[in-house]
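Read off the chains here:
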Amino acid sequence: MPGRIEESFQRRAAGLPAPTQTLMLVAAADPVGDAALLWRAAEHLGIDAEAIAPAEATGLLEVGARVRFSHPLVRSAVYRAAGPAERRRAHAALAEATSEKADPDRRAWHRAQAVLGTDETVALELERSAGRARARGGLGAAAAFLERATALTPGPADRAHRALAAAQAKHEAGASDAAFDLLSIAVAGPLDALHRARAERLRAQIEFARTRSSDVPGMLLHAAKTLAPLDPAQSRDTYLQAIEAAIHAGPLGHGRGVVEVAEAASDAPPPVGPPSPADLLLDGLVTRFTCGYEASVPGLRRALHAYRENLGTDDTSRRGLWGACRAAYMLWDDQTLYELTTRYIRLARDAGALTTLATALNFHSTILVQIGDLAQAAGLVADVTAILESTGAPPLPYDIVRRAWVGRRAEALEQFEVMVQEATRRGEGTVITLANSSMSVLYNGLGDYRAALKAASVPCDYDELTHSSAALPELIEAAVRAGEPARAEATLERLSSRARASGTPLALGIEARSRALTTTGPAAEDLYREAIDQLSRSRYATFSAAPTSSTASGYAARAGARTPANSSAPPTRCSRAWAWRRSPNAPPASCGPPASSRASGRRSRPMP
């Protein structure tokens, strides 16, 4: 249908006088619709302004302060109908009519479209325009400028360097296929050792964006080692990217597990000058995977503090934010996590970095689910889906978190099976640990403790960076309810050591609540009260600590009558206050989840 409509517009335009057709082509070649520019271009072409009248009379366009085509397809019909020479002539007139001082970028673009063959002067102008566009946050425009500059560059070396820059910009803008084509042009040229190493790194980045392959950590590790003597700062950044890719590959890493990558990264060159937030994060993650959780806490805290203090808006401010967000999640540092994911979104959106934006929105959606903002979380997931469809990237998995937390068992189970199958094929181990962590929440909420125990064990046994922190309390609850007190106690000691090292209210609240599950009598009530006190200081308060002191008394009343933790008798099916989004004035939870719990998005869980 659009093709037939466009053809009808072309037939109508073809019957107009030649000067009129030329002015319509000039108008179509300038997407801004600046009428004053049109008249200046007409003057350069020696065409009287009245020549536009027949086009207005036929209703194809109108010219006032702006040029407005009657239908979007009129513009494309006119432009497509013109021959290459006619288009170049139109762009040349627009370039001559555009002020170099007032609008150098638009002038450079029109000059570029008017060139037949190569032109180093115009290519250099486009390269400068790309820098200005990138500084304004126009990453897509910068990529377009650099791509055209590459085509116009006569010298092989300059052409290869510009192709590499264009490929990097295209990749960051979410056009991975175009980035790969430009990268092929770059590596076919005479690149020096530094640029060839950068090209190797970019190839790995594009491969990750296109496939999320578990081969990427090894590719990045090789690039980082190559870069070490050539550009120490970029080498460190690449080591950090290698660790992040290895975290994503998780237990499915092909010969380059996260511990091996971290050990290799321990040989990274020292920071150049004062360490940046990304430098501190690299060191902290290396410690996490080579020396253990507790040993890494001080270094990761310093890194997260540096990220919170760094309020820059340039490209360097986005470096390592994905890993920083995961480190904050690991430490149960909910305040920092919320701040960093919010900033991650803003920086990616301002830069027009679609690949990064999808990841940032995805991550933030899980946080919104866990603090109870289900509607906004669903909106972010829809945005992510739209971005991935436009860029052709593989799907991201985090909507399973929302489905699990609201108790949609059939939907969550269906998505779980698809996620695990696809993630196994691509080598995305972190998707599998996330899926199992989410299902452990669902199964505990439904009272299927054996299934919860099995699901929570996956991220905990592998010790995945973030999902193990989420799954440890689920594993403790499932073990208690399934009658495996020894396993619950062993997991509790692991959780307690980490929570106390982290020291955040959320960590200490989860630890107190988990310890209460393994305790009976008045001591359990004290632990629940401690959990409520700690959790009320966190962002998770609406989900975790909303009950008033009267609710704690309700815990005590039930605790005195309930069976011991190691009893095989089934626990009472009630709405557990710590995991429910409830009003601060809500009465003590009563046995049996209300009928509206699914509709309201509350998590139906058994009362301890």
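A quick note: this is a predicted structure, and the numbers were derived from the prediction, not measured. (Residues numbered from 1 in each chain as written. Predicted model: local features only at pLDDT ≥ 70, side-chain atom pairs only at ≥ 80, totals over all residues. Heavy atoms only, no water.)

Participant: A description of the overall build of the protein should follow, citing residues and the corresponding values.
Facilitator: Check the secondary structure of the protein and you find 32 helices and 2 strands. Considering only intrachain contacts with a sequence separation of at least 6, the fraction spanning at least 24 residues in the protein is 66%. When the accessible surface of the protein is totalled, it reaches about 24500 Å², and 54% of it is carbon and sulfur. (Helix = DSSP H or I, 4+ residues; strand = E, 2+ residues; numbered from the N terminus. Contact = heavy atoms within 4.5 Å. Areas by Shrake-Rupley, 256 points an atom, 1.4 Å probe, with all protein chains shown as cover.)

Participant: Lay out the packing of aromatic side chains in plain terms, naming residues and giving numbers.
Facilitator: Evaluation of the coordinates by the stated rule reveals 2 aromatic pairs. Ring plane angle 75 degrees and centroid distance 5.8 Å describe the contact between Trp 109 and Phe 145, whose orientation is recorded as edge-to-face. Placement of Trp 109 in helix H7 (residues 104–113) and of Phe 145 in helix H9 (residues 139–152) is noted, with a sequence separation of 36 residues between them. By relative accessible area, Phe 145 is classed as buried at 7%. Judged by centre distance (6.4 Å) and plane angle (45 degrees), the ring pair of Tyr 293 and Trp 332 falls under tilted. (Phe/Tyr/Trp six-rings, centres within 6.5 Å; stacked < 30°, edge-to-face > 60°. Buried < 20%, exposed > 50% of the residue type's maximum accessible area, 1.4 Å probe, protein only.)

Participant: Requested: an account of the side chain of His 364, with residues and values cited.
Facilitator: Secondary-structure assignment places His 364 in helix H20 (residues 354–371). When its relative accessible area of 4% is taken as the criterion, His 364 is described as buried. A polar side-chain atom of His 364 sits 2.7 Å from a polar atom in the side chain of Thr 341. Ignoring any residue separated from it by four or fewer positions in sequence, one finds His 364 in contact with Tyr 338, Thr 341, Thr 342, Ile 345 and Leu 380. (Polar contact = N/O pair within 3.5 Å; in protein donor to acceptor, adjacent residues only side chain to side chain.)

Participant: Summarise unusual backbone geometry; cite the residues concerned and give the values.
Facilitator: At Trp 332, a position not held by glycine, the phi torsion is positive, near 55 degrees. The backbone of Asp 463 sits at a positive phi, close to 65 degrees, despite the residue not being glycine. Mapped onto the elements of the fold, Asp 463 is located in the loop between helix H25 (449–462) and helix H26 (467–481).

Participant: Lay out H25 with the relevant residues and their values.
Facilitator: Its 14 residues place the ends of H25 20 Å apart at the C-alpha level, agreeing with the 20 Å of an ideal helix rising 1.5 Å per residue. Every buried residue of H25 is accounted for by Tyr 449, Ala 451, Ala 452, Leu 453, Ala 455, Ala 456, Ser 457, Pro 459 and Cys 460. Immediately beyond the C-terminal end of H25, within one or two residues, lies Asp 463, with a positive phi of roughly 65 degrees. (Expected span 1.5 Å × (residues − 1).)

Participant: Go over the side chain of Ser 213 with me, naming the residues and quoting the values.
Facilitator: Counting through the fold element by element, Ser 213 comes out in the loop between helix H12 (193–211) and helix H13 (216–227). On the accessibility criterion, Ser 213 (12% relative accessible area) is buried. If sequence neighbours within four positions are ignored, Ser 213 has contacts with Glu 207 and Arg 426.

Participant: Account for the nonpolar core, naming residues and giving values.
Facilitator: Counting residues in hydrophobic clusters, the biggest one holds 109 residues, and the most contacted among them are Ile 243 and Leu 281. It is H20 that contributes the most residues to this core, 9 residues altogether. Ignoring any residue separated from it by four or fewer positions in sequence, one finds Leu 281 in contact with Leu 240, Leu 300, Ala 303, Tyr 307, Gly 320, Gly 323, Ala 324 and Ala 327. Membership of the second largest hydrophobic core comes to 34 residues, among which are Leu 25, Val 26, Ala 35 and Ala 55. (Core = buried A, V, L, I, M, F, W, Y, C linked by side-chain atoms within 4.5 Å.)

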